[in-house]
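For reference, the chains in residue letters:
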Amino acid sequence: MPPNSCQWLDYGPSGAVYLKVQVVVDFFHTGAGMHKSSWQNRRHGRRSHRQNPWFRQHGSNERHNAGAQQSPRRSSHCDDEAPSTSSGTAGSSSVPDLPGYYYDPEKKRYFRLLPGHNNCNPLTKESIRQKEMESKRLQLLEQEDKQGKKIARLGFNASSLLQKSKLGFLNVTSYCRLAHELRVSCMQRKKVQIQSSDPSALASDRFNLILADTNSDRLFTVNDVKVGGSKYGIINLRGLKTPAFRVHMHENLYFTNRKVNAVCWASLNHLDSHILYLLAEETLYLTVLNSFSRLCLMGIAETPGCATLLPASLFVSSHPAGGDRPGMLCSFRIPGAWSCAWSLNIQANNCFSTGLSRRVLVTSVVTGHRQSFGTSSDVLAQQFALMAPLLFNGCRSGEIFAIDLRCRNQGKGWQATRLFHDSAVTSVQILQEEQCVMASDMAGTIKLWDLRTTKCIRQYEGHVNEYAHLPLHVHEEEGIVVAVGQDCYTRIWSLHDAQLLRTIPSPYPTSKADIPSVAFSSRLGGFQGAPGLLMAVRQDLYCFSYS
């Protein structure tokens, strides 16, 4: 058999193709019995031709003329055998990918990719991707600052919307929905000044999550402390008015060194009187030096997970004057909980649910009675229905199912509805009429399901998620859906037709540790407040208000 022609024939772009075809064709004509010396003689003859300038020039012309007269069979065979780099040398617009190398379009050259460890400033795929994302983010921020007014839909602005409404082309519902979409697209970013009794803590503590109450006049915050651990606070939003945008944070002495898995407002004494949060389990490994001066594991100290009801009145001045006295902190030992939800349903009064590994617990705060429902996967998202006695759950397996609270424990028929996603479900939101449910998963898919037909009726494109547990915000009064992706972009869709209305970049570079936490409300600061979006990232709080 002849040697691989691609390894030793190198006569330039056109010559390499022609001689390569000749070798293959001659081989098939002479058969497999060609002697090895004939190949060596032919190879030696070609090398002598290449050393003579006259033969080099004459041979190149012949190869060029003969290459133009090749049969279709030979040319097709050449296309299959030719190396991929020949297209790049011919000046093709597509640059070939070389394993282990990166092509920089600005410098127009290849750079070697280095591993991401034991190197100073290595050039890796991750660093290249971060550079491209940062360039895109800066461009979007520049556009956000330059364009004062944006158009969410083509052909719709304030004047055309008002004119169509007067002519009767739009009913009241459509006009209000499109007006909200128009104002959402025109929201401007303003930094909020946070006042606190400890200003030094505001400069060092980072926002982990924010959660607005029902009336949107308070904001519960979980902040990561610089020395490690988390602390809680409540921000009074009643001072959130233009043009000042000043708020006050009320803190307490509660501090934890464990991760907060989930948080929700709880209405035990009155509406949003407590905060329910889940603390993850903590394992401490005790090590000592043995006689050989090596670290050895001597024991394990475990702190089980728990669900805690924290009264909002414990935060100084967070409740109105003359209000309730500070309540009692209640804690329930619930190991391995992923999610939680508080029930406002009259048939499950003063109860909360927790999603565990392959189990759902419904606990009564007053009596301590628990109902247990076994599942086939970890429960990562939960929400109670308000009218029907149902608890909706989203699982790591992608399944969404509803529990009929009238069924006791493992009784038959407690699963009322079953829906399926292709990835782990991270958030479940029930719409007001309780005929539809919206869910998002770790594949970045957001779907609106019809509970009557158990079919997906709408899908919202653009959300980015790979593995993070990210929330989903649905606001039917304004007709919008808000979600923050793992790429740190906040996206707003129309609930009506899944149109992407706006994409808001983060004020800081994209990072897994700096994913913004947002809260949208139609009345920021109370009943007299204006609609807007609050965004917390690092140590800063921003407000995007209707203008």
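Source: prediction; values computed, not measured. (Residues numbered from 1 in each chain as written. Predicted model: local features only at pLDDT ≥ 70, side-chain atom pairs only at ≥ 80, totals over all residues. Heavy atoms only, no water.)

A. Highlighting the sheet that holds strand β15 (residues 351-356). On the basis of which strands lie adjacent, the open sheet formed by four strands has the order β14-β15-β16-β17 and antiparallel pairing. Each end of this open sheet is capped by a strand with a single partner; those strands are β14 (339-342) and β17 (370-374). Strand-to-strand twist across the sheet, computed as the mean angle between neighbouring axes with direction ignored, equals 15 degrees. Pairing geometry for strand β16 (residues 359-364) and β17, over five bridges, is antiparallel. Bridge pairing links Leu 361 to Ser 372 in β17. (Pairing = 2+ DSSP bridges. Helix = DSSP H or I, 4+ residues; strand = E, 2+ residues; numbered from the N terminus. Axes fitted to C-alpha atoms, helices over the stretch in contact; angles between N-to-C directions.)

B. Quick peek at the UniProt feature "repeat: WD" (unreviewed entry) in the protein chain. If you check UniProt for "repeat: WD" (unreviewed entry), the listed places come out as residues 421-459 in our numbering. Helix makes up 0% of residues 421-459 and strand 56%, and the two end C-alpha atoms of the span are 12 Å apart. (UniProt positions renumbered as here; feature names shortened; annotations may be inferred.)

C. Main features of the packing of aromatic side chains. Under the definition given, this model contains six aromatic pairs. Their ring planes at 65 degrees and their centres at 5.1 Å tell us that Tyr 103 and Tyr 110 sit as a pair that is edge-to-face. Overall, Tyr 103 belongs to the partly exposed group, its relative accessible area being 27%. Tyr 110 sits in the partly exposed class, given a relative accessible area of 27%. Ring geometry for Phe 332 and Phe 352: centres 5.4 Å apart, planes at 55 degrees, overall tilted. Residue Phe 332 is found in strand β13 (residues 330-333), and its partner Phe 352 is found in strand β15; the two are separated by 20 residues along the sequence. (Phe/Tyr/Trp six-rings, centres within 6.5 Å; stacked < 30°, edge-to-face > 60°. Buried < 20%, exposed > 50% of the residue type's maximum accessible area, 1.4 Å probe, protein only.)

D. How the structure looks around the pattern of salt bridges. A full pass over the atoms with the stated rule returns 13 salt bridges. Among the ionic pairs, Asp 205 bridges to Lys 231, the shortest N-O distance being 2.7 Å. One end of the pair, Asp 205, is in the loop between α9 (199-204) and β4 (206-212); the other, Lys 231, is in strand β6 (residues 230-236), and 26 residues separate them in sequence. With a relative accessible area of 7%, Asp 205 lands in the buried category. Residues Arg 218 and Asp 213 are paired through a salt bridge, measuring 3.1 Å at the closest nitrogen-oxygen approach. Grouping residues by exposure puts Arg 218 and Asp 213 together as buried. Each of Arg 206, Asp 514 and Arg 538 takes part in a single network of salt bridges with overlapping partners. (Salt bridge = Lys/Arg side-chain N within 4 Å of Asp/Glu carboxyl O.)

E. Quick look at the confidence of the model for the protein chain. Averaged over the protein chain, the pLDDT score is 76; the fraction of residues at 70 or greater is 71%. When the criterion is pLDDT under 50, residues 1-93 qualifies, and its contacts beyond four places in sequence or with other chains add up to 51 contacts. pLDDT under 50 marks residues 318-324. Its contacts with residues more than four places away, or in other chains, come to nine contacts. (pLDDT = per-residue confidence, 0-100. Contact = heavy atoms within 4.5 Å.)

F. Focus on the sheet that holds strand β8 (residues 260-266). One open sheet holds the four strands; their spatial order is β8-β9-β12-β13, and the pairing between them is antiparallel. A single partner strand is all that each edge strand has here, and the edge strands are β8 and β13. The mean inter-strand angle of the sheet, taken between neighbouring strand axes irrespective of direction, is 15 degrees. As paired strands, strand β9 (residues 274-279) and strand β12 (residues 306-311) are joined by six bridges and run antiparallel to one another. Opposite Leu 278, over in β12, you have Ala 307 as the bridge partner.

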